[in-house]
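Residue-level structure breakdown
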Amino acid sequence: MKVLEEKGEVQTQTVTDYVNELFIQVQQRNPHEKEFQQAVKEVLVSLVPVLEKNPTYIKHAVLERMLEPDRLISFKVPWVDDAGNIKVNRGYRVQFNNAIGPYKGGLRFHSSVNASIIKFLGFEQIFKNSLTGQPIGGGKGGSDFDPKGKSDQEIMRFCQSFMTELSKYIGPDIDVPAGDIGVGAREIGYLFGQYKRLKGAYEAGVLTGKGVGYGGSLGRKEATGYGLVYFVEEMLKSQGLHFNNSRVVVSGSGNVSIYAMEKAIQLGAKVVACSDSNGYIYDPNGINLETVKQLKEVENKRIYEYVKEHPDALYQEGYTGIWGIPCDIALPCATQNELNKEAAEKLISNGVNAVGEGANMPSTLEAVDTFIHHNVLFAPAKAANAGGVAVSALEMAQNSARIAWTQDEVDKKLQEIMKNIYSKSIKAAEDYATRGNLVAGANIAGFIKVADAMIAQGII
Ligand SMILES: NC(=O)C1=CN([C@@H]2O[C@H](COP(=O)(O)OP(=O)(O)OC[C@H]3O[C@@H](n4cnc5c(N)ncnc54)[C@H](O)[C@@H]3O)[C@@H](O)[C@H]2O)C=CC1
Ligand SMILES: O=C(O)CCC(=O)C(=O)O
């Protein structure tokens, strides 16, 4: 491909051809991995102006090297259920890129988990982690194990078996997993216990999201949801808007969703709807967060139970209908591709001002284009949900220094990090002629730091 003249002018068409060819290679090398291909496509399109201005990234084959994970580990996870039956699940860890720090990213336990989902998450994590400004590379992992309906003892046995294999590949300076869908403080506790037992050493920094009593950071539980709202507030402010007095719809009712609702309510918003994978609730009086926390964090119940305590609220089966509820701000916080073009159009026709992605890749490519085309303020996941991993990196820092910061100290650092990510993304969008487009800005700013580190470190 003749695009490598470092000093010569590189034609727009040529770079676009180069990027298109790269995408075809990704499709051929990763057939059937539609989520991974989707995540790659969004990034490649954003990077065209960067490659035009800096052909050195093409010369050094930075993208070719970045699109191939350093390694994808897949392993057997045998475990025994309460009835004595032997079960086998598949575990994964993708170690995508460690140019700027140890691999870092969560573990997802959900029946839908496969290589494509783990690779899309790991790929996005490279850019997100770079945006935080902290020394963390990109990784992700998980299993097709579904914790729903499993007893505590079954979950413990599964986690112990999973860690028995995973422990061969991780370490505080190698790869540091954390939680994601289906993995919270309970699972991290079991995983940490097994790692400690296998290594015979207390390596606190090997996992983040630990309980605060044994090396976890105050504020980690809240970090992704709070960080999302801090980011969106910054974006709203640029247009003279605020959460105060706004009407908000938040999908999901897990870790990210609950703390996004909490911070939005603290800032004066009225949150009128949330959901789980079965359906959604609409409460015209504003969601009672204590009830949601009790159902989801304590009792592990379905969201429809909410209406038993709040008779004015309505429950609807199906999770996409939530986007038909009129709101000023929509925060998709459940899972990938939960918001499609049709849902985006519905939100727009109902007058939505802003969308902030708490989940990873919750909007389809068509939905993102629709929001941008209609000038809806749009905060992409890589930037907007980076608060979780950012506080994970703060947890690693506290573990290394053997100190513990207060909730307030952590929260101040989180606010600062989210503001920086916002301004970095806005500036990158402006520098590369995509003014106001945070999708492009976040991809570009995240990419440049990692790409420069890769070039500095040679062909590896
Ligand atoms: N936990 C964290 O720190 C971070 C999580 N994320 C992303 O946020 C999203 C949510 O993660 P968590 O809150 O941690 O998980 P969680 O397991 O605590 O909650 C997930 C929520 O999404 C719902 N859900 C799952 N599949 C769904 C579907 N198909 N339709 C509708 N709802 C569905 C579940 O019912 C639950 O309410 C995921 O995309 C995750 O990758 C992103 C950054 C950090
Ligand atoms: O805290 C972490 O390391 C992981 C967070 C995560 O999985 C994510 O940002 O999607």
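Check the entry above for the structure.
Now for a quick tour of the structure. These figures come from a predicted structure and were not determined experimentally.

A word on the overall build of the chain. Each helix and strand in the chain was counted, giving 17 helices and 12 strands. Here the C-alpha radius of gyration of the chain, 21 Å, is about what a compact globule of 460 residues would show, namely 23 Å. Once the C-alpha set of the chain is aligned to its principal axes, its extents read approximately 70 × 55 × 45 Å. Within the chain, the proportion of its 460 residues that are buried is 56%. For the chain, the proportion of contacts with a sequence separation of at least 24, taken over those separated by at least 6, is 72%. Across the chain, the mean location of the 49 positive side-chain charges is 4 Å away from that of the 53 negative side-chain charges.

Now for the sheet that holds strand 8 (residues 279-282). What the 7 strands build is an open sheet, ordered 9-8-7-6-10-11-12; its pairing is mixed. This sheet does not close on itself; its edge strands, each paired only once, are strand 9 (314-317) and strand 12 (377-379). Sheet twist, expressed as the mean angle between neighbouring strand axes with direction ignored, is 15°. In this fold helix 9 (residues 255-266) packs onto strand 6 (247-250), strand 7 (270-275) and strand 10 (329-331), with an angle of close to 170° to the strand it touches most, strand 7.

What follows covers unusual backbone geometry. For residues besides glycine, phi is generally negative; the peptide bonds are generally trans as well. With a phi angle near 50°, Met361 is a residue other than glycine that sits in the positive phi range. Turning to its location among the elements, Met361 is positioned in the loop between strand 11 (354-356) and helix 13 (365-373). Within the chain, Asn375 stands out as a residue other than glycine whose phi angle is a positive 60°. Relative to the elements of secondary structure, Asn375 occurs in the loop between helix 13 and strand 12.

Before going further, it helps to examine the site of ligand 2. Near ligand 2 there are 14 residues, and of these Lys104, Lys128, Lys140, Arg220 and Ser392 occur at the shortest range. Separating an oxygen atom of ligand 2 from a backbone N or O atom of Gly106 is a distance of 3.1 Å. At 2.9 Å, a side-chain N or O of Gln125 approaches an oxygen atom of ligand 2. Considering ligand 2 on its own, with 290 Å² of exposed area, one finds that the protein chains cover 95% of that surface. When residues of the shell around ligand 2 are traced back to their parent elements, those giving at least two are strand 3 (103-109), helix 5 (115-131) and helix 15 (387-401).

To continue, consider the site of ligand 1. If you check the shell around ligand 1, you find 22 residues, and the closest are Asp180, Thr224, Ser253, Asn255 and Asn360. Between ligand 1 and the protein, one listed contact pairs an oxygen atom with a side-chain N or O atom of Thr224 at 2.7 Å. Within the backbone of Ser277, a nitrogen or oxygen atom sits 3.3 Å from an oxygen atom of ligand 1. When ligand 1 sits alone it has 820 Å² of accessible area, and the protein chains cover 87% of it. Elements with a contribution of two residues or more to the shell around ligand 1: helix 8 (220-237) and helix 9. Each of two domains, domain 2 (71-205) and domain 3 (222-384), supplies a minimum of three residues to the shell around ligand 1.

What follows concerns the packing of helix 2 (residues 34-53) against helix 5. Running from amino to carboxyl end, helix 2 crosses helix 5 at an angle of 25°, the nearest separation of the two axes being 6 Å. Taken together, the axes of helix 2 and helix 5 are roughly parallel relative to one another. Note on element contacts: helix 5 touches helix 2 through Ser116, Ile117, Lys119, Phe120, Phe123, Glu124 and Phe127, opposite Lys34, Glu35, Phe36, Ala39, Val40 and Val43.

Quick look at the layout of surface pockets now. Reported here for the second largest pocket is a volume of approximately 330 Å³. Along the wall of the second largest pocket there are 17 residues; nearest its centre are Ala204, Gly205, Gln398, Asn399 and Ser400. Considering only residue class, the lining of the second largest pocket consists of 6 nonpolar, 7 polar and 4 charged.

About the criteria used
Residues numbered from 1 in each chain as written. Chains lettered and ligands numbered in written order. Predicted model: local features only at pLDDT ≥ 70, side-chain atom pairs only at ≥ 80, totals over all residues. Heavy atoms only, no water. Helix = DSSP H or I, 4+ residues; strand = E, 2+ residues; numbered from the N terminus. Rg over C-alpha atoms; globule rule 2.2 N^0.38 Å. Buried < 20%, exposed > 50% of the residue type's maximum accessible area, 1.4 Å probe, protein only. Contact = heavy atoms within 4.5 Å. Lys, Arg positive; Asp, Glu negative; His and termini not counted. Charge placed at Lys NZ, Arg CZ, Asp CG, Glu CD. Pairing = 2+ DSSP bridges. Axes fitted to C-alpha atoms, helices over the stretch in contact; angles between N-to-C directions. Near = heavy atom within 4 Å. Polar contact = N/O pair within 3.5 Å; in protein donor to acceptor, adjacent residues only side chain to side chain. Areas by Shrake-Rupley, 256 points an atom, 1.4 Å probe, with all protein chains shown as cover. Domains from an automatic or database assignment. Parallel < 35°, antiparallel > 145°, perpendicular 65-115°, else oblique. 1 Å grid on protein atoms, 1.4 Å probe; cavity = no way out; pocket = protein on both sides within 12 Å on 5 of 7 lines; lining within 4 Å. Points joined across faces, edges and corners; volume = space filled by probe spheres on them. Nonpolar A, V, L, I, M, F, W, Y, C, P; charged D, E, K, R; others polar.

Don't take any of this as a statement about function, it's just geometry.
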